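What follows is each chain in one-letter form.
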Amino acid sequence: MGTNPGVKVQIRSLYKIFGPDAAAMTEHVEAGISKEDLLDKHAHVLGLRNINLDVAAHQVQVIMGLSGSGKSTLIRHINRLIEPTAGEVIVDGEDILAMTPLELRQFRRSKASMVFQGFALLPHRTVADNVAYGLSVQGIDKAEREERGKRWIDRVGLTGYEGYYTTHLSGGMRQRVGLARALATDAEILLMDEPFSALDPLIRTDMQDILLGLQTELHKTIIFITHDLDEALRIGNSIAILRDGEAVQVGTPQDIIMRPADGYVAEFIKDINRGRVIQVASIMDAEKADGGPKVDAETVLDDALQLMIGSGSDIATVTRNGEPAGSVRLESIATALAKPD
Amino acid sequence: MEFLSEFPTMGNQELRDLKKAIDRGFREFSRAYGEALETFFEPILYFLVWFEKLLQNSPWPLVIAVIAVLAWLGARNWLVVGGTVASFLVIGYLGMWQDTMATLAIISVATLICIVVGIPVGIAMARSDRVQGLVTPLLDVMQTIPSFVYLIPVVMLLGIGKVPGLIAVCIYAIPPIVRLTNLGIRLVDREVLEAADAFGASYPQKLFGVQIPLALPNIFAGVNQTIMMSLAMVVIASMIGVQGLGVPVLRAISNQYLALGLMNGLAIVVLAIIFDRISQGFGKNIQKHRWDGH
């Protein structure tokens, strides 16, 4: 199969069925049996159905869905904590499912690290030892472990807490330890399974800022699970929406909001603050305007609106990197802001 | 109607033959392998005898001092240390020093054997449901079968003496440490184990780096129970030739010596309490981080 150089992780026709005779159930699932029927008639649980997803390198791919939609199951296929019933998972052109146990361990040690919803820290080890856990598994000696660990402890803002046990820290601090532990192995892929869902809203925003700040420098390939749409829109370069084990839509945040694939996605996005999410680029006309204020293509509608009302103009020039790229009218902003029914 | 009122039994003659056949079979087995088994257990016997002599022949103040240090290291509590020293002084003053040392020796060796055998079995049980399925009924039998019943084959195989006594004590005392090691490992947080997997830990790295450290409170509860149960076996073990506090208790039973029985019995109780406080204190101290903070 051809591998696009920009794609880091490819998931192809992935199926996961839970139950004693999962392999025999694939044909029913491929034939399109519903999750309920599979459970009632065959006593098997459908985890994932025909997932196809390309995760671009150095991007944040958000996978979102409600609980039970299969998002945690999906992320665990990427480092093969869960074995699929059928399908392929390819990372950098390498088939994860063909790996021997030894190769798989090597892959987990060096290529993909993970952050967990419940932190999953070792309560009998200190912050420093937890951060260095991945390194100690690799057999790196203590001095180097401490030095590399220290760097990440400082980066996530836990300087001074090295000697504490994790049970003495607050939730937000614990997840900083979890994040530092995942970063310390220098893995290119970061798997984050609802990392901030257990934190209260203010701390959650803090942690999102830390992650986004780190990402501007580190350019990791991040696969981020969440059930929180605001978080998904804030963090994701691309969002995949999962429902009952199926990917109902994959696209950029702008795509998802402007063009929801079905009623389920539309229902999902109906309560967001559109003015703070939709960017001018999504609604602009290619035709350039003669006058009016200049707004950058990535400006959100709220800000563009304020600018235009301030300048008393009902049309603005949209710029990309300072160059005029099109125009936007007050009317189209108002249309975009109105909630679709 | 006779069928309903009389339970249909095997014929008397056949039953007698069956029992005889089993006895004969086992006697032949013990004749064939008894000696080999004795040789197998010889190092343990030497160790036990050496340890017993060491305790009995060392100057008593030295022994008490060593025990006091161990008590401090285990419990980190002056009350426990003081109580331990006072108890041993009283025991010695009442003329039970030699017997107490003999009991101390066999309990220590039995506990050691139980730990060395029991923890790996517990680990194997935690790793595989099939092993758990096989071992659990065995442990049930070991815990419920009257000790006198397994004394018979043990004595037939190895005769009267310290080693059969030790084996009898171990059979009775090993189940808790096996069970609690298994339980402790199985109770380790799934997400923490998953994290170890996600970072590429191998099975030994998971076992020694995550599972055993997190199972330690339960494993220690098992050690504690094992010590308590081996002390409970002291009197029965003395019936097959184990020296110690059980011997005078046995003599007191057959002769109705109330004071003798009471004193030696209470000495066993005191030993049990000391062991219990020290091993529990130790278990708590190595898990301090769990209870600090929050």
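Look up: the structure comes first, before these words.
Chains are numbered independently. Their residues run from 1 in the order of the written sequence. Working convention: letters from A go to chains and numbers from 1 go to ligands, in the order in which they are written. Given that this is a predicted model, residues contribute local features only at a pLDDT of at least 70 and side-chain atom pairs are listed and counted only at 80 or more, while totals for whole chains, interfaces and linings are drawn from all residues. Note that the side-chain values use all heavy atoms of the structure and ignore hydrogens as well as water.

Take the environment of I44 of chain B next. Residue and element names in this part refer to chain B. Put simply, DSSP marks the helices as runs of H or I at least four residues long and the strands as runs of E at least two long, and each gets a number from the N terminus on. Following the sequence through the fold, I44 ends up in helix α2 (residues 12–57). Buried residues are those whose accessible area, probed at 1.4 Å on protein chains only, stays under 20% of the maximum for their type, while exposed residues exceed 50% and partly exposed ones sit between those limits. Take I44: its relative accessible area is 26%, and that puts it in the partly exposed class. Between the alpha carbons of I44 and V109 there is a distance of 8.5 Å; along the sequence they are 65 residues apart. Contacts were defined at the residue level, with two residues in contact if any of their heavy atoms lie within 4.5 Å. Excluding residues that lie within four positions of it along the chain, I44 makes contacts with I113 and L166.

Turning to the pairing of strand β4 (residues 86–91) of chain A, a few remarks are in order. Residues and elements named next belong to chain A. Both strand β1 (residues 7–18) and β4 contribute to a ladder of five bridges, which runs antiparallel. Considered in β4, the bridge of V9 is made with V91. When β4 meets strand β5 (residues 94–95), the two strands line up antiparallel, connected through two bridges. Residue pairing across strands places I90 opposite D95, the latter belonging to β5. By the convention used here, strands pair only if DSSP detects at least 2 bridges between them.

Moving on, we come to helix α1 (residues 22–30) of chain A. Residue and element names in this part refer to chain A. Taken together, the buried positions of α1 are occupied by A22, M25, T26 and V29. The arc that holds the buried residues of α1, viewed along the axis, is 130°, so those residues lie on one side. On the buried face of α1, the contacting elements are β1, α2 (35–42), β2 (45–56) and β4. The positive-phi residue at the C-terminal boundary of α1 is G32, with phi of around 95°. Here, the arc refers to the directions that run from the helix axis to the C-beta atoms.

What follows concerns the pattern of salt bridges. Residue and element names in this part refer to chain A. Any carboxyl oxygen of Asp or Glu within 4 Å of a side-chain nitrogen of Lys or Arg constitutes a salt bridge here. Per the stated rule, a full pass over the model turns up 27 salt bridges over all chains. The partner of R12 in a salt bridge is D54, and the shortest N-O contact between them spans 3.0 Å. Of this pair, R12 sits in strand β1 while D54 sits in strand β2, and the two are 42 residues apart along the sequence. On the basis of relative accessible area, D54 is assigned to the partly exposed category, the value being 36%. For the salt bridge of K270 with E267, the shortest nitrogen-to-oxygen distance reads 3.2 Å.

Moving on: the packing of aromatic side chains. Residues and elements named next belong to chain B. Working definition: a ring pair exists when centres of Phe, Tyr or Trp rings (six-membered ring for Trp) sit within 6.5 Å. Plane angles under 30 degrees give stacked, over 60 give edge-to-face, the rest tilted. Summed over all chains, the structure comprises 13 aromatic pairs over all chains. Ring centres 5.9 Å apart and planes at 35° place the aromatic pair F26 and F29 in the tilted group. Of this pair, F26 and F29 both sit in helix α2, three residues apart, which is roughly one turn of the helix. The exposure class of F26 is partly exposed, given its relative accessible area of 24%. On the basis of relative accessible area, F29 is assigned to the partly exposed category, the value being 36%. Chaining the aromatic ring pairs together yields one cluster made of F26, F29 and Y33. A ring has a charge above it when a Lys NZ or an Arg CZ is no more than 6 Å from the ring centre and no more than 35 degrees off the ring normal. Directly above the aromatic system of Y203 lies the positively charged group of R127, at a separation of 3.6 Å from the ring centroid.

Positive phi, close to 55°, is recorded for A120 of chain A, a residue that is not glycine. Note that A120 of chain A resides in the loop between β6 (112–115) and α5 (127–131). The backbone of R76 of chain B sits at a positive phi, close to 55°, despite the residue not being glycine. Within the secondary structure, R76 of chain B is located in the loop between α3 (60–75) and α4 (78–93).

Residues and elements named next belong to chain A. Pairing is mixed across the open sheet formed by three strands, whose spatial order is β11-β12-β13. Edge strands, defined here as strands with exactly one partner in the open sheet, are β11 (294–296) and β13 (323–329). Direction aside, neighbouring strands of the sheet carry axes that sit 40° apart on average. Relative to strand β12 (residues 315–320), β11 runs parallel, the two sharing three bridges. In the sheet register, K294 faces β12, and the bridge partner there is T317. Only the stretch in contact is used when a helix axis is fitted, and all axes are lines through C-alpha atoms; the angle between N-to-C directions ranges over 0 to 180 degrees. Those strands touched by helix α14 (residues 301–311) are β11, β12 and β13, and its axis lies near 175° from that of β11.

Structural measurements only, silent on function.
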